[in-house]
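Here's the letter readout for the chains.
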Amino acid sequence: MNKIYSALFGACIFLTSFSAYSQTSDLAVKTIPSLDVPRYLGTWYEIAKYPNWFQKKCASNTKAVYSARGDGTIKVLNSCKTAEGDMSEAEGTARQIGSKDSPKLEVRFAPAWLAFIPLVWGDYWVIDLDPQYQVAVVSDPRREYLWILSRTPQLDKKVYDETLQRIRDQQFDVRKLELTVQATPLKN
């Protein structure tokens, strides 16, 4: 079943590359200046996201675990709990675009034998990250996707609100964000 989900997730990335929808903005999406990938590795909990069709079956406890591979790429293991209570997983690969400290990555969930096709790679740009590498925001150059991630399943409301303001400053529509149900909600 996980192989089927991985293939479907890869197909989703492929198909969304042709999406006609994008937020209009005269301001280009700005990434953080640099990314220390070894510090970025580990577990990230999804706090909020723009709804997307390839995560529709995820009801709660969505997280991503990033780990280094020997070939210089990053193993991506996404998981969530479905409404039926089952755990769903998708394994992919991420790679940096540009220099070793580039905050622009691409991710692929399609099978490795399709890696040569550019359209199976989706943009994964880190656009906001606190100095302690505890809260991150990821998007793409078209503003179609947006994820707020945290090292913990709960995020202080003040930190969340400050993150939202920085996202607004980049002309993202924060009204579209959907909070992710985790083991514990936002702290007040």
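Residues numbered from 1 in each chain as written. Predicted model: local features only at pLDDT ≥ 70, side-chain atom pairs only at ≥ 80, totals over all residues. Heavy atoms only, no water.

Break down the pairing of strand S2 (residues 58–68) for me, citing the residues and quoting the values.
Taken together, the four bridges between strand S1 (residues 42–49) and S2 define a ladder with antiparallel strand orientation. Within S2, the residue paired with Trp44 across the bridge is Ala64. Bridge count for S2 against strand S3 (residues 74–82) is eight bridges, and the pairing is antiparallel. The residue bridging Tyr66 from the neighbouring strand is Val76, located in S3. Hairpin connection of S2 to S3: five residues between the antiparallel strands, including Gly72 at a positive phi of 90°. (Pairing = 2+ DSSP bridges. Helix = DSSP H or I, 4+ residues; strand = E, 2+ residues; numbered from the N terminus.)

Give a detailed account of the side chain of Thr31, specifying residues and quantitative values.
Examined against the element boundaries, Thr31 turns out to sit in the loop between helix H1 (2–16) and helix H2 (37–40). Judged by its relative accessible area of 18%, Thr31 falls in the buried class. Sequence-distant contacts of Thr31, that is, excluding residues within four places in its chain, are made with Pro103, Lys104, Trp125, Val126 and Ile127. (Buried < 20%, exposed > 50% of the residue type's maximum accessible area, 1.4 Å probe, protein only. Contact = heavy atoms within 4.5 Å.)

Let's hear about the pattern of salt bridges: which residues, and what values?
As enumerated under the stated definition, the model contains eleven salt bridges in all. The partner of Asp128 in a salt bridge is Arg166, with the nearest N and O atoms 2.8 Å apart. Remark: Arg166 occurs in helix H3 (residues 157–169) and Asp128 occurs in strand S6 (residues 122–129); sequence separation between them is 38 residues. Look at Asp128 and you get buried, because its relative accessible area is 13%. Residue Arg166 is classed as partly exposed on the basis of its relative accessible area of 37%. Linked through salt bridges whose partners overlap, the residues forming this network are Asp123, Asp140, Arg142 and Glu144. (Salt bridge = Lys/Arg side-chain N within 4 Å of Asp/Glu carboxyl O.)

So what's going on with the state of the cysteines? Which residues, and what values?
Tallied over the entire structure, the rule returns one disulfide. Cys58 shares a disulfide with Cys80; S-S distance 2.1 Å. Sign of the S-S torsion, about -70° for the bond between Cys58 and Cys80, identifies this disulfide as left-handed. Of this pair, Cys58 sits in strand S2 while Cys80 sits in strand S3, and the two are 22 residues apart along the sequence. In this structure Cys58 comes out as buried when scored by relative accessible area, which is 16%. (Disulfide = S-S within 2.5 Å.)

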